[in-house]
Amino acid sequence: HRAFSLDSADVVLRNGDDSRKGVGAPVMSVRTNAESLRHIPLFAACDPAHLQVMAFASERAQFAAGEDIFRVGGNGATAFLILSGEAEVWAGQGEQRMPVAMAGPGAFLGELAMIAGLPYSLNVTAKTDVVATRISRDMFMRVVGEFPDFGSHVMSALSRKLASSVSEFDRVRHLFESAGSFPRG
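Reading the values: rules and limits
Residues numbered from 1 in each chain as written. Predicted model: local features only at pLDDT ≥ 70, side-chain atom pairs only at ≥ 80, totals over all residues. Heavy atoms only, no water. Helix = DSSP H or I, 4+ residues; strand = E, 2+ residues; numbered from the N terminus. Buried < 20%, exposed > 50% of the residue type's maximum accessible area, 1.4 Å probe, protein only. Contact = heavy atoms within 4.5 Å. Axes fitted to C-alpha atoms, helices over the stretch in contact; angles between N-to-C directions. Parallel < 35°, antiparallel > 145°, perpendicular 65-115°, else oblique. Nonpolar A, V, L, I, M, F, W, Y, C, P; charged D, E, K, R; others polar. Pairing = 2+ DSSP bridges. Salt bridge = Lys/Arg side-chain N within 4 Å of Asp/Glu carboxyl O. Left-handed = near helix turned anticlockwise from the far one by under 90°. Expected span 1.5 Å × (residues − 1). Core = buried A, V, L, I, M, F, W, Y, C linked by side-chain atoms within 4.5 Å.

**Some thoughts on the environment of L118**
- For L118, the position within the fold is in the loop between helix 3 (111–116) and strand 10 (123–126).
- Of the residues examined, L118 reaches a relative accessible area of 48% and is grouped as partly exposed.
- Separated by 43 residues in the primary sequence, L118 and N75 place their C-alpha atoms 6.9 Å from one another.
- Look past the residues within four positions of L118 in its chain and what remains in contact with it is G74, G76 and A113.

Structural data, given as structure tokens:
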């Protein structure tokens, strides 16, 4: 149900009606979405042509305010690039919500779960109406298979992110260790 046309070197997808939840927005510019992907640290060093392939193969998803984008434990087979709107990232279950962050345009959510094939570790709910680009693990892995340099750049970025997280963890651990014990009240 997809037709495409070339317009000023821009590929435009027009999705027809799709019965899958949150899919089927009217128009998506591949060049614009590829440029949005380039601003994500995970993809910053990647070849723009590879990002255009990913943007071309991705789907548009829409979520109404209050609708879950994903939940803890859900199949992490998809990542979402927020194009418009705001989403709340939170931990907990049911009514016990612990806000973690707000995500707006340019936020890339669920990428580690998608790449590693793990369940989602946080909940994300649309705070306002959200339009996002949906990137599936299958499509991501096909791009990695076709373009090994792309995979190498992404793995390098993931390694840097992990090293930074470990360094931050060590810094916080050191602060706790040097603080001594807290008085009991």
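**A few points about the packing of helix 4 (residues 137–146) against helix 5 (residues 148–179)**
- Running from N to C, helix 4 and helix 5 point in directions that differ by 115 degrees, and their axes come no closer than 5 Å. Relative to helix 5, the element helix 4 is oriented roughly perpendicular. Residues F140, V143, V144, G145 and E146 of helix 4 form the contact with helix 5, whose own contacting residues are P148, F150, G151 and V154.
- Here the contact of helix 4 with helix 5 is composed, by residue class, of six nonpolar, two polar and one charged.

**Some thoughts on the pairing of strand 4 (residues 59–63)**
- For strand 4, a buried count of four out of five residues is recorded, marking the element as mostly surrounded by other parts of the structure.
- In terms of strand pairing, strand 4 meets strand 11 (residues 130–136) through five bridges, oriented antiparallel. Residue pairing across strands places E59 opposite R134, the latter belonging to strand 11.

**Focus on the pattern of salt bridges**
- This structure, assessed with the given rule, holds seven salt bridges.
- E88 serves as the salt-bridge partner of R97, at 3.6 Å between the closest nitrogen and oxygen.
- Classification of E88 as buried rests on a relative accessible area of 14%.
- One salt bridge connects K161 with E111, and the closest N-O pair in it is separated by 3.0 Å. Taken as a pair, K161 in helix 5 and E111 in helix 3 lie far apart in primary sequence, 50 residues in all.
- Residue K161 is classed as partly exposed on the basis of its relative accessible area of 41%.

**With respect to the packing of helix 1 (residues 30–38) against helix 2 (residues 48–57)**
- The N-to-C vectors of helix 1 and helix 2 enclose an angle of 120 degrees; their axes lie 8 Å apart at closest approach. If you check the angle between helix 1 and helix 2, you find them oblique. The element helix 1 and its partner helix 2 pack so that their crossing is right-handed. Here V30, R31, N33, A34, L37 and R38 of helix 1 lie close against helix 2, whose contacting residues are P48, L51, Q52, M54, A55 and F56.
- Partitioning the contact of helix 1 with helix 2 into residue classes produces eight nonpolar, two polar and two charged.

**Some details on the sheet that holds strand 7 (residues 87–91)**
- The sheet built from four strands is open, its strands ordered 5-10-7-8 with antiparallel pairing. Each edge of the open sheet carries a strand with a single partner, namely strand 5 (68–70) and strand 8 (98–103). Between one strand and the next, the sheet's axes are offset by a mean angle of 30 degrees, whatever the strand orientation.
- As defined by bridge partners, strand 7 adjoins strand 10 across four bridges and the pair is classed as antiparallel.

**Focus on the pairing of strand 6 (residues 78–84)**
- Among the seven residues in strand 6, five count as buried, and that is most of the element.
- Bridge count between strand 6 and strand 11: six bridges; the pairing is antiparallel. Across the sheet, residue T78 finds its bridge partner in strand 11, namely S136.

**Notes on helix 5**
- With 32 residues, helix 5 should cover 46 Å at 1.5 Å per step; its first-to-last C-alpha distance of 46 Å lies within 8% of that length.
- Among all positions in helix 5, only F150, G151, V154, A157 and L158 are buried.

**Structural notes on the nonpolar core**
- Core analysis: the largest hydrophobic core is formed by 23 residues, its most contacted members being L37, L42, F43, M54, F140, F150 and V154.
- Of all the secondary-structure elements, those providing two or more residues to this core are helix 1, helix 2, strand 6, helix 3, helix 4 and helix 5.
- Ranked by residue count, the leading element in this core is helix 5, at four residues.
- If we skip the residues at most four places from it in the chain, L37 touches F43, L51, M54, A55, L81 and I135.

Any link to function would need more than the numbers given here.
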